[in-house]
Amino acid sequence: MVAAAAAGVLGLTFLVTSPSGDGSVGLLTGGGQNSYGDDQDNDGDNNDGDDQDNDGDNNDGDDQDNDGDGEDGEVVNEGPVEDDFVDIEEIEADNDELDLGDTGTFTVDCGVNANGLFNSENVIVNPGAPNGAQHVHDYVGNQDVNRFSEDVDANNEILAQGNTTCDNNDRSMHYWPVLRDRTQEGRDANQEGGGLDGNVGRILTPLEATIEFRGNAQEDVVPMPEFLQIITGNARAFTTDGENANAQWTCTGFEDQISGDKYPLCPEGSDVMRIMDFPSCWDGENIESEDNRSHIVFPDEEDGSCPDDTQPVPQLRQTLVYDVPEGPNFAVDGFPEEQHAPITDHSDFINVMPEDVMQEAVDCINEGQDCS
């Protein structure tokens, strides 16, 4: 049953409710876009967001060709394999997480994408390119995600006016590749970004999506500039021998047992968890860079200090929790040739937090408080 429709010059966008009558919502888009939204609950996310679709993540440093074809043009879809999974109880605990001292935290409630806003674009790495990610992204925060072009300034103007699912009128955009239940067929089985690019299965909505900003171990943080673009991880990590990989997989109740290259098999009563830590040492000048990385880098792993020519901004941590099917039957979306390897997990962020809210976050963090 069609709930809403909007016609445009290049295509059509439809917001569709599930024929099962359970309130599920998906997006069907013409003009090269895709249909997604498997079993999404339409109860959340203060989605003032229109029937929009776009943004793309999959970013994480891949200004590379996205053909993803095997021999004779066939899509490579061989993963994940059995060795990509591990019993969480076999992973040794690691309590060496960097001590941030007396710094505080600032948490923003942006929902879990319960409204089912998806697309397979990437506004940071490949802006304006239909299916530029070749896999599907979840979106929370800014909901105006389907009108981007190659013009970064024009895209930022769109973001500045977008509706949002975040509290405090925070229009920041958070997007990451979806996780899928591979025991069931997805609604996008015959769509680009979905089955046509080797991403098969029912899209899972996170049970929880925590957006948290943290401090620096050595000095006070300074505000992020508006429209600062940040990525973490590498969607190409499987075929680049782990270059820029930053995946962190674990289970609830086992948060000190982290794997960077295995999907965790969790015991009964425990759920799969993805942790995304972002770089936070900003060059003080640029909101983006040609390689999408050099303008903001990670602190030193040993003492948490930033390089001399950078300054610390609040470090973003996204924590996603999922109820997955039993056994090795789930996987993250990715480029076809990356074979859904867990090491390719990644995420993207564009800061559009109001200046006064960003200052509140900075003050809270530097004063050692925990705020939201």
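What counts and what doesn't
- Residues numbered from 1 in each chain as written.
- Predicted model: local features only at pLDDT ≥ 70, side-chain atom pairs only at ≥ 80, totals over all residues.
- Heavy atoms only, no water.
- Core = buried A, V, L, I, M, F, W, Y, C linked by side-chain atoms within 4.5 Å.
- Buried < 20%, exposed > 50% of the residue type's maximum accessible area, 1.4 Å probe, protein only.
- Helix = DSSP H or I, 4+ residues; strand = E, 2+ residues; numbered from the N terminus.
- Contact = heavy atoms within 4.5 Å.
- Phe/Tyr/Trp six-rings, centres within 6.5 Å; stacked < 30°, edge-to-face > 60°.
- Pairing = 2+ DSSP bridges.
- pLDDT = per-residue confidence, 0-100.

Engineer: Just give me the short version of the nonpolar core, but keep the residues and values in it.
Structural biologist: Burial of nonpolar side chains together is a common tendency in soluble globular proteins. Counting 42 residues, the largest nonpolar core has Phe106, Val108, Phe213 and Met224 as the members making the most contacts within it. Contributions of two or more residues to this core are made by strand 5 (105-108), strand 11 (208-214), strand 15 (272-277), strand 19 (315-322), strand 20 (330-332) and helix 2 (355-366). Top element by residues in this core is helix 2. It accounts for six residues. Those residues within four positions of phenylalanine 106 in sequence are excluded, and the remaining contacts are Ile211, Glu212, Phe213, Val357, Glu360, Ala361, Cys364, Ile365, Cys371 and Ser372. Formed by 15 residues, the second largest nonpolar core is a distinct cluster that contains Leu117, Tyr139, Met173 and Ile231.

Engineer: Before we move on, could you go through the packing of aromatic side chains and cite the residues and values that matter?
Structural biologist: Counting across every chain of the model gives six aromatic pairs. Seen from their ring centres, tryptophan 249 and tyrosine 263 are 4.9 Å apart, and the 75° between their planes marks the pair as edge-to-face. Of the two residues, tryptophan 249 sits in strand 13 (residues 249-251) while tyrosine 263 sits in strand 14 (residues 263-265), which places them 14 residues apart along the sequence. Given a relative accessible area of 0%, tryptophan 249 falls into the buried group.

Engineer: I'd love a proper account of the pairing of strand 15, names of residues and values included.
Structural biologist: Within strand 15, six of the six residues are buried, leaving the element largely enclosed by the surrounding structure. A two-sided burial pattern is seen for strand 15, the buried positions comprising Val272, Arg274 and Met276 on one face and Met273, Ile275 and Asp277 on the other. As paired strands, strand 13 and strand 15 are joined by three bridges and run antiparallel to one another. Looking across to strand 15, one finds that tryptophan 249 is bridged to arginine 274.

Engineer: Tell me what's going on with the confidence of the model for the protein chain, and back it up with residues and numbers.
Structural biologist: Overall, the prediction assigns the protein chain a mean pLDDT of 85, with 79% of residues at 70 or greater. Predicted confidence is poor over residues 1-34, with pLDDT under 50, and the contacts of this stretch with residues over four places away or in other chains come to 77 contacts.

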